[in-house]
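Single-letter residue listing:
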Amino acid sequence: MEIKSMAKIKYSYDLDGINLQELSESNVVKTEVRKFNLLLKKLTNQEYFKLGDIITCTLIVSNLGNYKNTNVVINDNLLNQELIDYSIKATTLENNKVNPSYSLDNNNLKIIIDEIYPQEVIIITYKIKPLKQTQIESLTTIQSDETALAEINNNPLKHGYAKIECIKAVSDDVTFINTDLTYILSLVNKGNIAAYNVEVYDELPITFELDSYNPVTLNNNLINYQLEGNILKLLIPAIEPNAILDIKVNGRIIK
């Protein structure tokens, strides 16, 4: 950014009894204002892991200033992680290749970018393999010849887990007495390991009667159930990661 400055001089004088006024202007002085602002974000392609997973890490480096940054150094702590050989790649947002240098010493990945121009965005990816079944937290820093050291807060990588989410729907928003009606439970395991002994409890309307021929199905197959009052109980042995199960409860409102 360039700023300009000049001075004006207003004065008066007498000439043969006449008061005269004059205005003088100085030359224009130009000053270049340089702003240095590096932004770093770290992302991973998954939040949870189990041993054996290969995780892709992405560093997004943005120069938000108006002048280039030189000798940009990123340090990423890879404690309890193994860097996959030859997995580091770097491009600009416009998909132009970048060739940063990097080294790995005592669990610290050091990446050096010679220069980043104003408004340029560089994307660095690499792959790691967790070495311990424990939450992984890493510290990442960035600095350049023009900017001070800055730390970023990374979301920790959490070890393997199962997470069952359930959505309930109904075949019709409006029904009539003794008319077929189906409740649908959609279960999905959004974790990365299987869930076992999954117990499902579905509260049905007091006046709901199960169909005598096709009462409860799991992915369109009949499944055993228990009905205690208006509480339907099911036991599913296992739900694998990313598996989606549809439970249909068929019946009708009888009064």
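Everything discussed here concerns the structure shown above.
Here, residues in each chain are numbered from 1, in the same order as that chain's written sequence. Whole-chain, interface and lining totals are the exception, using all residues; otherwise, since this is a predicted model, local features are given only for residues with pLDDT of at least 70 and side-chain atom pairs are given and counted only at 80 or more. Note: side-chain values were computed over all heavy atoms of the structure, leaving out hydrogens and water.

Trainee: Whenever I open this one, the sheet that holds strand β8 (residues 69-77) confuses me. Can you help?
Mentor: Two orientations exist for strands paired in a sheet by backbone hydrogen bonds: parallel and antiparallel. For two strands to be treated as a pair, DSSP must find no fewer than two bridges joining them. Note on conventions: DSSP H or I runs of at least 4 residues are helices, E runs of at least 2 residues are strands, and numbering of each starts at the N terminus. Read across the sheet, 5 strands follow the order β11-β12-β8-β14-β15 without closing on themselves; strand pairing throughout is antiparallel. Two strands close off the open sheet at either side, each with one partner strand: β11 (101-105) and β15 (150-153). Along the sheet, successive strands turn relative to each other by an average axial angle of 20 degrees, direction set aside. For every element, the axis is a line fit to its C-alpha atoms; helices are fit only across the contacting stretch, and the angle between N-to-C directions ranges from 0 to 180 degrees.

Trainee: Explain the pattern of salt bridges here, please?
Mentor: Just to be clear on terms, a salt bridge is a Lys or Arg side-chain nitrogen sitting within 4 Å of an Asp or Glu carboxyl oxygen. The full count for this structure, using the stated rule, is 11 salt bridges. A salt bridge links K68 to E115; the shortest N-O distance between them is 3.3 Å. On the criterion of sequence distance, the pair formed by K68 in the loop between β7 (55-63) and β8 and E115 in strand β12 (residues 108-116) is long-range, its members being 47 residues apart. The exposure class of K68 is partly exposed, given its relative accessible area of 26%. For the salt bridge of E228 with K233, the shortest nitrogen-to-oxygen distance reads 3.1 Å. With relative accessibility at 43%, the residue E228 sits in the partly exposed group. Judged by its relative accessible area of 24%, K233 falls in the partly exposed class. Each of K163, E165 and K190 takes part in one network of salt bridges that share partners. Burial classes: relative accessible area under 20% of the type maximum marks a residue as buried, over 50% as exposed, and values in between as partly exposed (1.4 Å probe, protein chains only).

Trainee: Would you explain the nonpolar core in this entry?
Mentor: As a rule of thumb, nonpolar side chains are buried together in soluble globular proteins. In this text, buried Ala, Val, Leu, Ile, Met, Phe, Trp, Tyr and Cys residues form a nonpolar core when linked through side-chain atoms within 4.5 Å. In this structure, I74, I124, Y126 and I128 are the most contacted members of the largest nonpolar core, which totals 26 residues. Listed by contribution, the elements that provide at least two residues to this core are β5 (38-44), β7, β8, β12 and β13 (121-130). Dropping the residues within four chain positions of it, I74 is found in contact with L40, L59, V61, L109, K110, I111, I124, T140, T141 and I142. L187, V200, L210 and I223 belong to the second-largest nonpolar core, a separate cluster that totals 21 residues. Note on definitions: a residue-residue contact is assigned when non-hydrogen atoms from the two residues lie within 4.5 Å.

Trainee: Just checking my understanding: could you explain the packing of aromatic side chains for this structure?
Mentor: Aromatic ring pairs are reported here in terms of the distance separating the ring centres and the angle at which the planes meet. Each pair of aromatic rings taken from Phe, Tyr and Trp, with Trp reduced to its six-membered ring, is defined by centres within 6.5 Å and is described as stacked if the planes are under 30 degrees apart, edge-to-face if over 60, and tilted in the remaining cases. Per the counting criterion, the structure on display carries 2 aromatic pairs. With a centroid separation of 6.4 Å and 25 degrees between ring planes, the pair formed by Y11 and Y13 is classed as stacked. The class of Y11 is partly exposed, set by a relative accessible area of 37%. Relative accessible area serves as the criterion here: at 35%, Y13 is assigned to the partly exposed category. Charge-over-ring placement is defined geometrically: NZ (Lys) or CZ (Arg) within 6 Å of the ring centre, and within 35 degrees of the ring normal. K168 extends its terminal NZ or CZ atom over the ring of Y183, reaching a point 4.8 Å from the ring centre.

Trainee: Just checking my understanding: could you explain the sheet that holds strand β24 (residues 231-239) for this structure?
Mentor: Strand order across the open sheet formed by 3 strands is β19-β24-β23, with antiparallel pairing between neighbours. With one partner strand each, in any of the chains shown, β19 (195-203) and β23 (226-228) form the two edges of the open sheet. For this sheet the average axis-to-axis angle between neighbouring strands, irrespective of direction, equals 25 degrees. Note: β19 against β24, 8 bridges, orientation antiparallel.

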